[in-house]
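Okay, here's what each chain looks like letter by letter:
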Amino acid sequence: MSATDSEPQTVKFRGSEDITLVADEWNRGAQTQQPSVLLLHGGGQNRYSWKQTGHVLAGLGLHVVALDSRGHGDSDRAPGANYTVDALSADTLAVIEQIGRPVALIGASMGGMTGMLASAAAGPEKVTKLVLVDVVPRYEKDGSARIREFMSSGIDGFETLDEAADAVAAYLPYRKRPRNPEGLKKNLRFRDGRWFWHWDPAFLTAPIDDRFIREEKLERAVMSLTIPILLIRGKLSDVVSTAGVQDFLEKVPRAEFVELSEAGHTAAGDDNDAFSEVVVQFVSR
């Protein structure tokens with residue numbers, strides 16, 4: 001099967017607090033000894049950010065699930081605007097139980113934080129590998145603030161798709177701007193005459209975990225893991241620094257590390273070919 005032959009089906013899972021989580025799934029029922037692959041996107045993104053990587057992994061015959069996190073994409077918004085990493089981890093654990101077989105977790109940014117906690121809670125028989133995409137427990141505050149500024153700047157919507165594309169291009173100046181902004185429709189919804197990002201605005205304003213408590217919790221979780229771990233950093237990232245990588249590798253010396261020279265924080269979309277190659281080698285080993 002080639003990567004282009006494999007089209008996903010849209011499926012639903014039950015998350016914690018009885019919310020509905022929507023996902024794209026490739027190769028359900030695949031007869032393979034390899035673990036399933038569960039893809040967890042970053043804050044403000046959705047399952048479509050994994051589309052190309054999902055196709056590549058599915059083309060190898062792997063069972064792949066790309067999940068819309070609570071409050072993102074087509075998944076339910078969180079009761080009481082509960083978007084803590086603990087809540088996201090609880091959703092992930094529920095999805096893993098419903099998948100019903102071992103998984104390799106691949107998490108970008110927020111999804112990587114979720115993956116750290118979920119991997120530790122699930123144990124090595126249920127989560128067999130962990131890929132962290134441009135995320136470490138002690139990330140850069142300035143880079144994180146820039147993400148929130150970008151998300152906040154579009155909270156009142158855009159008049160046109162081109163206006164939304166301009167905002168993305170300003171946020172990701174190193175990424176080649178698509179000629180046609182139609183692809184952004186996967187990330188936007190049109191209502192009341194404007195285009196809005198497809199995530200719950202309360203995600204930005206809801207109370208979140210205390211940063212320092214969260215850092216310590218994430219560090220304890222990832223340091224406790226005995227499974228193979230791969231950290232991927234985009235060289236152009238302002239969220240994960242070289243010092244942050246060094247600190248992580250000193251605390252988690254078993255982890256492997258790869259840096260993508262043409263990618264930033266949104267590594268999977270910035271240089272998908274290089275990203276997918278690294279992920280395929282690690283997951284299928």
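Just so it is clear, the structure is predicted and the values come from calculations on it, not from any experiment.

Participant: Pulling in residues and values, what's your account of unusual backbone geometry?
Facilitator: Positive phi, normally seen in glycine, also occurs at E17, with a value near 60°. Secondary-structure assignment places E17 in the loop between β1 (9-14) and β2 (20-26). For E17, a relative accessible area of 43% corresponds to the partly exposed category. Even without being a glycine, D192 presents a positive backbone phi close to 50°. On the accessibility criterion, D192 (76% relative accessible area) is exposed.

Participant: Describe in detail the environment of F158, supporting the description with residues and values.
Facilitator: Tracing the sequence through the fold places F158 in the loop between α4 (141-153) and α5 (161-171). Among the residues examined, F158 registers a relative accessible area of 5% and is labelled buried. Between the alpha carbons of F158 and L188 there is a distance of 9.5 Å; along the sequence they are 30 residues apart.

Participant: Kindly report on the side chain of S75, identifying the contributing residues and their values.
Facilitator: With respect to the helices and strands, the residue S75 is situated in the loop between β4 (64-67) and α2 (85-99). A distance of 2.9 Å separates a polar side-chain atom of S75 from the backbone nitrogen of V22. Engagement of the side chain of S75 in a polar contact is seen with the backbone oxygen of D68, the distance being 2.6 Å. Ignoring sequence-local partners within four residues, the contact set of S75 consists of T20, L21, V22, D68, S69 and R70.

Participant: Before we move on, can you summarise the pairing of strand β3 (residues 36-40) with the specific residues and values?
Facilitator: Across the five residues that make up β3, a large majority, five, are buried. Burial along β3 is two-sided: S36, L38 and L40 and V37 and L39, pointing in opposite directions, are all buried. Pairing between β3 and strand β5 (residues 103-108): five bridges, direction parallel. Note on β5: the bridge partner recorded for S36 is V103. For β3 and β4, the ladder comprises four bridges, and the chain directions are parallel.

Participant: Requested: an account of the packing of α2 against helix α3 (residues 110-122), with residues and values cited.
Facilitator: Packing of α2 against α3 brings their axes to within 8 Å, and their N-to-C directions diverge by 60°. As the angle between them shows, α2 and α3 are arranged oblique. Both α2 and α3 take part in a crossing whose hand is right-handed. Note on element contacts: α3 touches α2 through M110, M113, T114, L117, A118, A121 and A122, opposite V85, D86, L88, S89, T92 and L93.

Participant: Before we move on, can you summarise the packing of aromatic side chains with the specific residues and values?
Facilitator: Following the criterion strictly, the structure yields six aromatic pairs and no others. Aromatic pair W50 and F275: ring centres 6.2 Å apart, planes at 35°, arrangement tilted. Taken as a pair, W50 in the loop between β3 and α1 (51-59) and F275 in helix α10 (residues 272-283) lie far apart in primary sequence, 225 residues in all. Judged by relative accessible area, F275 falls into the buried class, the value being 0%. For the ring pair F150 and Y171, a centre distance of 4.4 Å and an interplane angle of 10° mean the geometry is stacked.

Participant: Hey, could you go over the sheet that holds β5 for me, with residue numbers and the actual values?
Facilitator: Judged by pairing direction, the sheet is mixed, and its eight strands sit side by side in the order β1-β2-β4-β3-β5-β6-β9-β10 without closing on themselves. For this open sheet the edge positions go to β1 and β10 (256-260), each flanked by a neighbour on one side alone. Each strand axis lies, on average, 20° off the axis of its neighbour in the sheet, ignoring direction. As paired elements, β2 and β4 share four bridges and run antiparallel to each other. Along β4, the bridge assignment pairs A23 with L67.

Participant: Outline α2, listing residues and values.
Facilitator: In a regular helix each residue adds 1.5 Å, so 15 residues correspond to 21 Å; α2 covers 21 Å between its end C-alpha atoms and thus fits that length. When we look at burial in α2, the residues that qualify are V85, A87, L88, S89, D91, T92, A94, V95, I96 and I99. G100, located one to two residues past α2, shows a positive phi value of around 80°.

About the thresholds
- Residues numbered from 1 in each chain as written.
- Predicted model: local features only at pLDDT ≥ 70, side-chain atom pairs only at ≥ 80, totals over all residues.
- Heavy atoms only, no water.
- Helix = DSSP H or I, 4+ residues; strand = E, 2+ residues; numbered from the N terminus.
- Buried < 20%, exposed > 50% of the residue type's maximum accessible area, 1.4 Å probe, protein only.
- Polar contact = N/O pair within 3.5 Å; in protein donor to acceptor, adjacent residues only side chain to side chain.
- Contact = heavy atoms within 4.5 Å.
- Pairing = 2+ DSSP bridges.
- Axes fitted to C-alpha atoms, helices over the stretch in contact; angles between N-to-C directions.
- Parallel < 35°, antiparallel > 145°, perpendicular 65-115°, else oblique.
- Left-handed = near helix turned anticlockwise from the far one by under 90°.
- Phe/Tyr/Trp six-rings, centres within 6.5 Å; stacked < 30°, edge-to-face > 60°.
- Expected span 1.5 Å × (residues − 1).

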